[in-house]
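Below are the chains, spelled out letter by letter.
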Amino acid sequence: MRPRRTGRALAVLGRFVAELRVRRGPDTAGVLRRILIEVDGTVSAGLRPDEEQIVTVAAGRHVLRARMDWIASEAVAVGVGADDVVELETALPWRAILDMVTRPKSALVLRCT
């Protein structure tokens, strides 16, 4: 399946752009829910299990975070140059069932691959 393109392609038109390829693995926890990916505080993608999306961003530094309902990942800062491709992976591990109560702001996983 081809990754779906989302993001701010029109907002960065005419500038140096980069791609963030965000993939959610085939996790079964939260199978009916999307993990939302925020780029600089704006929701830019929504991933179901085993799905990948491409978000177009301007070159520079960006802060990413994964969210689902009241739980989130820790923030991930990435610096991208023109024509860079950064691959990231997100997941809702089974341990998040406990973490969503004890550590809701870091229960989800978001990491560069």
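Provided above is the structure to which this section pertains.
Residues numbered from 1 in each chain as written. Predicted model: local features only at pLDDT ≥ 70, side-chain atom pairs only at ≥ 80, totals over all residues. Heavy atoms only, no water.

Visitor: Please explain the overall build of the protein chain as it appears in this structure.
Guide: When its secondary structure is counted, the protein chain shows one helix and ten strands. The N-to-C order of helical and strand elements in the protein chain reads β-β-β-β-β-β-β-β-β-α-β. Counting the 113 residues in the protein chain, one finds 41% classified as buried. Taking the contacts inside the protein chain whose residues are at least 6 apart along the sequence as the reference set, 65% of them involve residues at least 24 apart. (Helix = DSSP H or I, 4+ residues; strand = E, 2+ residues; numbered from the N terminus. Buried < 20%, exposed > 50% of the residue type's maximum accessible area, 1.4 Å probe, protein only. Contact = heavy atoms within 4.5 Å.)

Visitor: So what exactly am I meant to see when it comes to the nonpolar core here?
Guide: The tendency in soluble globular proteins is for nonpolar side chains to be buried side by side. The biggest cluster of nonpolar side chains holds 25 residues, and the ones touching the most others in it are Leu-20, Ile-37, Leu-64, Leu-88 and Leu-92. Mapped by element, the contributors of at least two residues to this core are strand E2 (17-24), strand E3 (35-39), strand E4 (42-47), strand E5 (51-58), strand E6 (60-68), strand E8 (76-80) and strand E9 (85-91). In this structure, Leu-20 is in contact with Val-39, Gln-53, Ile-54, Val-55, Val-57, Leu-64, Val-78, Val-80, Val-86 and Leu-88, ignoring residues within four places of it in sequence. (Core = buried A, V, L, I, M, F, W, Y, C linked by side-chain atoms within 4.5 Å.)

Visitor: Hey, could you run me through unusual backbone geometry in this one?
Guide: Excluding glycine, residues mostly have negative phi values, and the peptide bonds linking residues are mostly trans. Even without being a glycine, Asp-40 presents a positive backbone phi close to 55 degrees. Of note in this structure, Asp-69 is not a glycine but carries a positive phi near 55 degrees. Considering the arrangement of structural elements, one finds Asp-69 in the loop between E6 and strand E7 (71-72).

Visitor: Got a minute to help me understand the pairing of E5 in this structure?
Guide: For a regular strand, side chains alternate in direction, first toward one face of the sheet and then toward the other. With seven of eight residues buried, E5 is to be regarded as a mostly interior element. Relative to E5, E2 runs antiparallel, the two being bridged by eight bridges. Paired with Arg-24 across the strands is Glu-51, a residue of E5. (Pairing = 2+ DSSP bridges.)

This is a description of form; function is not addressed.
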